[in-house]
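# Observations on the model geometry
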Amino acid sequence: TVNIDYTGKIGKKTIPNGSAEKQDLVIGSNSFIPGFESGLIGKKVGSSATLNLTFPKNYTEKDLAGKKVAFTVKINFIKKQEIPSYNEAFIKKNSKYDNKADYEKYIRKGLEEQKKKTAESAENKELWSKIVTNAKIKKYPEKQLQAEKDRMTKQYKKIAKQYKMSWKKFLKKYMHTNEAGFNKQVNTSAKAACKQKLVAYAIKDKENIKFTKSDYKKELDKTLKSANFTRESFQKQYNESIEDYAEENDFRSEFVLEKVLKEIHNQATVKH
């Protein structure tokens, strides 16, 4: 792994988002365009190199596809991964166990729990797909459908603002469409999201599944904890409360769906 600073230029013009500092790059990962990684092999730490390359013709960013580019790269330092020996010394240093038998029992239990969760998630996904596919919506509530469209549009416009780009330019560069095309995409996505929520809430009411204000708060707390946030640190990083963020992204419906899926999974029967 090499740690690098780099700047990419086409002619005298620096490429937008084509520069970085203190970037880790694993040689052999092929995460950069062809010739970038191989051009660094053999270079010394502290040295700089100019790589004259060409973007692939099928490059994802159409504005750069097939164009010649010069990258100026400085190698800050090199890191090498060393795999330690697996023995009792390693176990004592990296866990609360002091012998292989107990440590491996602990590892096996964790792996089994992880596999069980993965299997349940796959089952739930398949069950939910069948339910939503078979569900018939007599009429979409216009107010809810519009709310979905507004929410999705707001999220994309927020991203465009973060990129410091005009809405029109953002649509062209990252969505590869225009306003009319975007609206068409949003209409389709909003309808799909709306259908899932209508079905989830219908099952919730039919099966008398409770989801209280207290349940909502607990789910928000779990979400914060799993992402290693406190309410204060989340507010500081995102400049808004977790409650506002959750409302903006409709976490409530996600939590309700999780509870509905749990009930569906419990009631489902396996047919051989």
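The present account deals with the structure reproduced in this document. (Residues numbered from 1 in each chain as written. Predicted model: local features only at pLDDT ≥ 70, side-chain atom pairs only at ≥ 80, totals over all residues. Heavy atoms only, no water.)

### Topic: the overall build of the chain
Secondary structure assignment for the chain yields 9 helices and 4 strands. Secondary structure elements in the chain, listed N-terminal to C-terminal, are β-β-β-β-α-α-α-α-α-α-α-α-α. Reported as C-alpha extents along the three principal axes, the dimensions of the chain are approximately 70 × 65 × 45 Å. Per-residue burial over the chain gives 29% buried out of 272 residues. Once local pairs closer than 6 in sequence are excluded, the contacts in the chain between residues at least 24 apart make up 54%. In the form shown here, the chain has an accessible surface area of approximately 20,100 Å², with 51% of it arising from carbon and sulfur atoms. Taken together, the 58 basic and 35 acidic charged side chains of the chain have centroids lying 6 Å from each other. (Helix = DSSP H or I, 4+ residues; strand = E, 2+ residues; numbered from the N terminus. Buried < 20%, exposed > 50% of the residue type's maximum accessible area, 1.4 Å probe, protein only. Contact = heavy atoms within 4.5 Å. Areas by Shrake-Rupley, 256 points an atom, 1.4 Å probe, with all protein chains shown as cover. Lys, Arg positive; Asp, Glu negative; His and termini not counted. Charge placed at Lys NZ, Arg CZ, Asp CG, Glu CD.)

### Observations regarding the packing of aromatic side chains
Within this structure, the stated rule accounts for 27 aromatic pairs. With a centroid separation of 5.3 Å and 35° between ring planes, the pair formed by Tyr97 and Tyr106 is classed as tilted. Here Tyr97 falls in the partly exposed class, since its relative accessible area comes to 21%. Note on Tyr106: relative accessible area 45%, which makes it partly exposed. Seen in terms of ring centroids, Phe170 and Tyr174 are 5.6 Å apart; in terms of plane orientation they differ by 35°. Their pairing is tilted. With Phe170 and Tyr174 both in helix α4 (residues 167-174) and 4 residues apart, this pair spans about one turn of that helix. The class for Phe170 is buried, based on a relative accessible area of 3%. We classify Tyr174 as partly exposed; its relative accessible area is 28%. Through a chain of ring-to-ring contacts, the aromatic side chains of Phe211, Tyr216, Phe229, Phe234, Tyr238, Tyr245, Phe251 and Phe255 assemble into a single cluster. Just above the ring of Trp167 sits the side chain of Lys157; from NZ or CZ to the centre is 5.4 Å. (Phe/Tyr/Trp six-rings, centres within 6.5 Å; stacked < 30°, edge-to-face > 60°. Lys NZ or Arg CZ within 6 Å of the ring centre and 35° of its normal.)

### Looking at the side chain of Asp215
By the element assignment, Asp215 lies in helix α6 (residues 213-226). A polar contact of 3.4 Å, which involves the side chain of Asp215, links it to the side chain of Lys259. When near neighbours in sequence (up to four residues on either side) are disregarded, Asp215 contacts Lys210 and Lys259. (Polar contact = N/O pair within 3.5 Å; in protein donor to acceptor, adjacent residues only side chain to side chain.)

### Let's talk about helix α2 (residues 100-134)
An α-helical segment advances 3.6 residues per turn. Residues three or four places apart therefore align on the same side. End to end, α2 covers 51 Å across 35 residues, agreeing with the expected 51 Å (1.5 Å per residue, within 8%). Looking at α2, one finds that the buried residues are Tyr103, Asn124, Trp128 and Val132. The inward-facing, buried residues of α2 abut α1 (88-94), α5 (179-206) and α9 (251-267). (Expected span 1.5 Å × (residues − 1).)

### Here we look at the nonpolar core
Across soluble globular proteins, nonpolar side chains show a tendency to be buried alongside one another. Membership of the largest hydrophobic core comes to 22 residues, with the highest contact counts inside it found for Trp128, Ile203, Tyr216, Leu220, Phe255 and Val260. Broken down by secondary-structure element, the contributors of at least two residues to this core are α2, α5, α6, α8 (242-248) and α9. At 7 residues, the largest contribution of residues to this core is made by α9. Residues within four places of Tyr216 in sequence aside, it is in contact with Phe211, Ala246, Glu247, Arg252 and Phe255. (Core = buried A, V, L, I, M, F, W, Y, C linked by side-chain atoms within 4.5 Å.)

### Notes on α9
Helix length check: α9 (17 residues) gives 25 Å between terminal C-alpha atoms against 24 Å at 1.5 Å per residue, within 8%. Taken residue by residue, α9 has Phe251, Ser253, Phe255, Val256, Leu257, Val260, Leu261 and Ile264 as its buried positions. Where α9 is buried, its residues touch α2, α5, α6 and α8.

### Side note on a nonpolar patch on the surface
Among the surface-exposed residues, Val45, Phe77 and Ile78 lie close enough to one another that they form a single nonpolar patch of about 260 Å² accessible area. Mapped onto the elements, Phe77 comes out in strand β4 (residues 68-78). (Patch = residues over 30% accessible without salt bridge, like charges linked within 9 Å, V, L, I, M, F, W, Y side chains within 5 Å. Salt bridge = Lys/Arg side-chain N within 4 Å of Asp/Glu carboxyl O.)

### Some points on the pairing of β4
Pairing geometry for strand β1 (residues 2-10) and β4, over 8 bridges, is antiparallel. Paired with Asn3 across the strands is Phe77, a residue of β4. Here strand β3 (residues 48-54) pairs with β4 via 7 bridges, running antiparallel. Opposite Ser48, over in β4, you have Lys74 as the bridge partner. (Pairing = 2+ DSSP bridges.)

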